[in-house]
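Residue-level listing of the chains:
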Amino acid sequence: MYDPTIQKIGVLRLEKRLDDRLLYLRDALPEYGTFDINMKPEIREEGAPVPINDIKVRLCPRPWLEKWRGISNIDEYLADKRRRTAKDHEKPWEKYDLMKQYRSTIPEEQQKEIY
């Protein structure tokens, strides 16, 4: 901010992102972290709500600096083993669901009587 080569800092477009810290832009493709130099400022009415930019960012190929969530092309980088473990961890409570285990062991004829 105190660099003598910086002449002016201004807001060209005001918008919110889903992740406020924007750290995922470190591993994103350059088009998500840059803007057009000739971009004109967008004038907004005073008191108007700030729009939310809900674009899902495409990341560069691995290795990444962090484990990011909410990215659009995560399936390109997941191996089959990771997909299976993610599916297993999707509903961890089912491992301890005694009623589900109980219902799966009862014969179908007895289930109708019980219900």
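Here goes a summary of the coordinates provided. Owing to the predicted nature of the structure, the values given are computational and were not obtained by experimental measurement.

Quick notes on the overall build of the chain
Then, number 1: Check the secondary structure of the chain and you find 3 helices and 2 strands.
Then, number 2: Whereas a compact globule of 115 residues would reach a radius of gyration of roughly 13 Å, the chain reaches 25 Å, over 25% beyond that.
Then, number 3: Projected onto the principal axes, the alpha-carbon positions of the chain cover approximately 80 × 40 × 25 Å.
Then, number 4: For the chain, buried positions account for 11% of its 115 residues.
Then, number 5: Taking the contacts inside the chain whose residues are at least 6 apart along the sequence as the reference set, 56% of them involve residues at least 24 apart.
Then, number 6: When the accessible surface of the chain is split by element, carbon and sulfur atoms take 53% of a total near 11100 Å².
Then, number 7: Separation of charge centres in the chain, based on 23 positive and 22 negative side chains, amounts to 4 Å.

Considering a positive patch on the surface
Then, number 1: A cluster of basic side chains, namely Arg62, Lys67, Lys81, Arg82 and Arg84, defines a positive patch on the protein surface.
Then, number 2: With respect to the helices and strands, the residue Lys81 is situated in helix α1 (residues 80–88).
Then, number 3: Given the relative accessible area of 61%, Lys81 is considered exposed.

Quick notes on the side chain of Asn53
Then, number 1: Structurally, Asn53 is set in strand β2 (residues 52–53).
Then, number 2: Taking relative accessible area as the criterion, Asn53 reaches 12% and is therefore assigned buried.
Then, number 3: Not counting residues within four places of it along the chain, the set of residues in contact with Asn53 comprises Glu15, Lys16, Arg17 and Leu18.

Some remarks on the pattern of salt bridges
Then, number 1: Considering all chains together, one arrives at 3 salt bridges under this definition.
Then, number 2: Notably, a salt bridge pairs Glu15 with Arg17, separated by 3.8 Å at the nearest N-O pair.
Then, number 3: With its nearest N and O atoms 3.1 Å apart, the salt bridge here joins Glu94 to Lys100.
Then, number 4: With relative accessibility at 31%, the residue Glu94 sits in the partly exposed group.

Examining the environment of Ile55
Then, number 1: Turning to its location among the elements, Ile55 is positioned in the loop between β2 and α1.
Then, number 2: Between the C-alpha atom of Ile55 and that of Asp75, which follows or precedes it by 20 residues, the distance is 17 Å.

Calculation rules
Residues numbered from 1 in each chain as written. Predicted model: local features only at pLDDT ≥ 70, side-chain atom pairs only at ≥ 80, totals over all residues. Heavy atoms only, no water. Helix = DSSP H or I, 4+ residues; strand = E, 2+ residues; numbered from the N terminus. Rg over C-alpha atoms; globule rule 2.2 N^0.38 Å. Buried < 20%, exposed > 50% of the residue type's maximum accessible area, 1.4 Å probe, protein only. Contact = heavy atoms within 4.5 Å. Areas by Shrake-Rupley, 256 points an atom, 1.4 Å probe, with all protein chains shown as cover. Lys, Arg positive; Asp, Glu negative; His and termini not counted. Charge placed at Lys NZ, Arg CZ, Asp CG, Glu CD. Patch = residues over 30% accessible without salt bridge, like charges linked within 9 Å, V, L, I, M, F, W, Y side chains within 5 Å. Salt bridge = Lys/Arg side-chain N within 4 Å of Asp/Glu carboxyl O.

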